[in-house]
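Structural overview for review
Listed below, chain by chain, are the residues.
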Amino acid sequence: MDDMARAQQGDQVALARLLQADYLSVKKYLITVTHDRALAEDLTQETMIRAIQRIGQFGGKSRFSTWLISIATNLYMDTLRRQKRERRLQEESAFFESERPAVGPEPEWLEVMDRLHALPRDVAMPLVLKHYYGYTYEEIGEWMGIPEGTVKSRIFNAVRALRKGLTEHE
Amino acid sequence: MNERPEKWEEHLRQGLDTLSDLGDEQPPELANLQMLVADVQREQRRQTARDLALFWLCAVALLAGGLYAVSRQPVWFLVLQGMVLLAAGAAWLGRRRRVTE
């Protein structure tokens, strides 16, 4: 019997092992969508708790890590709705301060990241899920609770925003 | 056929790789996660027990009220039952209309 079967039958060590294996990938994912390490840490913890509560509902249609990402996405969407963090996040200007060189030219990707950071979170998130993680429009729509067409249009707008500055320079 | 990624895609990848770099950070110890699992599952069992107790309490109260009414005031009991049925039917129709719109 594998860890998943054991975990679903109530084996706490097996479940802890599964969570441990994917803990960092969930945290990394949440950092890429929230751009906020403290928030990402909190949401990772919440994702683990939600996964423990719902382990019986995991049907095995997707990988366990994908299931965790879907939970994390849902939780982040709830956070955005509940606390209206979007406005606050966009008012933050210190994004990537630690990565900016004190002297000399900035790396080229910083401009793209600044543009990404300037996008509303619910527009940037589908772009990251699609173009960085490779999830399908259908999966993204399901996790974010929006129609597939809306996912496509948000990604289209996000790509246009990221591409704009670069094409002007080229 | 592999399409060559556009420049913005390369920059996005580089940026997100840098942003989410966790260095040599390790996941929590297995024992800590096991404690978390135990705590969450214990709380879940408590919550389920509370919900079930509340459900049975309401069910018993409703049943007792119903039995009292049917033995003492059968007419009012039937009127009340009819009103509940009508309200449930109206709610169902309203919901169905919203779904089809």
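Predicted model only: the values in this text are computed from it and were never measured.

Okay, the packing of helix H3 (residues 37-54) of chain A against helix H4 (residues 64-83) of chain A next. Residue and element names in this part refer to chain A. With their axes 9 Å apart at the nearest point, H3 and H4 run at an angle of 120 degrees to one another. Of the possible angle classes, the one that applies to H3 and H4 is oblique. The two elements H3 and H4 cross, and the hand of that crossing is right-handed. Only Leu-68, Ile-71, Ala-72, Leu-75, Tyr-76 and Thr-79 of H4 make contact with H3, whose side of the interface consists of Leu-43, Glu-46, Thr-47, Arg-50 and Ala-51. For the contact of H3 with H4, the per-class residue count stands at 7 nonpolar, 2 polar and 2 charged.

On to the nonpolar core. Residues and elements named next belong to chain A. Leu-15, Leu-19, Leu-30 and Ala-72 are the most contacted members of the largest nonpolar core, which has 45 residues in total. With 11 residues, the top contributor of residues to this core is helix H2 (residues 12-34). Split by domain, this core shows at least three residues from each of two domains, domain 1 (1-92) and domain 2 (95-170). Here Ala-72 is in contact with Val-26, Tyr-29, Leu-30, Leu-43 and Thr-47, once residues within four sequence places are set aside.

Turning our eyes to something else, we now look at the domain arrangement of chain A. Accessible area lost upon the coming together of the parts serves often as the stated size of an interface. Residues and elements named next belong to chain A. Splitting chain A by domain gives domain 1 (1-92) and domain 2 (95-170). In this complex, domain 1 contributes 11 residues to the contact, which on the side of domain 2 involves 11 residues. Of all the elements in the fold, those that place two or more residues in the side of domain 1 that touches domain 2 are H2, H4 and helix H5 (85-91). Per-element accounting of the side of domain 1 that touches domain 2 gives the leading share, 5 residues, to H4. Here the side of domain 1 that touches domain 2 is composed, by residue class, of 4 nonpolar, 5 polar and 2 charged.

Rules of the game
Per chain, residue numbering runs from 1 following the sequence as it is written. Labels follow written order: the first chain is A, the first ligand is 1, and so on. Owing to the predicted nature of the model, reporting of local features is limited to residues with pLDDT of at least 70; listing and counting of side-chain atom pairs is limited to 80 or more, with chain, interface and lining totals taken over all residues. Comment: axis = line fitted to C-alpha atoms, over the contacting stretch for helices; angle = value between 0 and 180 degrees taken between N-to-C directions. A run of H or I in DSSP counts as a helix once it spans at least four residues, and a run of E counts as a strand once it spans at least two, with each numbered from the N terminus. Each angle gets one of four labels, with under 35 degrees taken as roughly parallel, over 145 as roughly antiparallel, 65 to 115 as roughly perpendicular, and the rest as oblique. By convention the crossing between two helices is left-handed if the near helix lies anticlockwise of the far one by an angle smaller than a right angle, and right-handed if it lies clockwise. Two residues form a contact once the distance between their C-beta atoms, set from the backbone, is within 7 Å. Gly is put with the polar residues, along with every residue not named as nonpolar or charged; the nonpolar set is Ala, Val, Leu, Ile, Met, Phe, Trp, Tyr, Cys and Pro, and the charged set is Asp, Glu, Lys and Arg. Buried Ala, Val, Leu, Ile, Met, Phe, Trp, Tyr and Cys residues form a nonpolar core when they are connected through C-beta atoms within 7 Å. The exposure scheme places C-beta atoms from the backbone and then counts, for each residue, the other C-beta atoms within 10 Å of its own, assigning buried at 20 or more, exposed at 12 or fewer, and partly exposed in between. An automatic or database domain assignment provides the domain bounds reported here.

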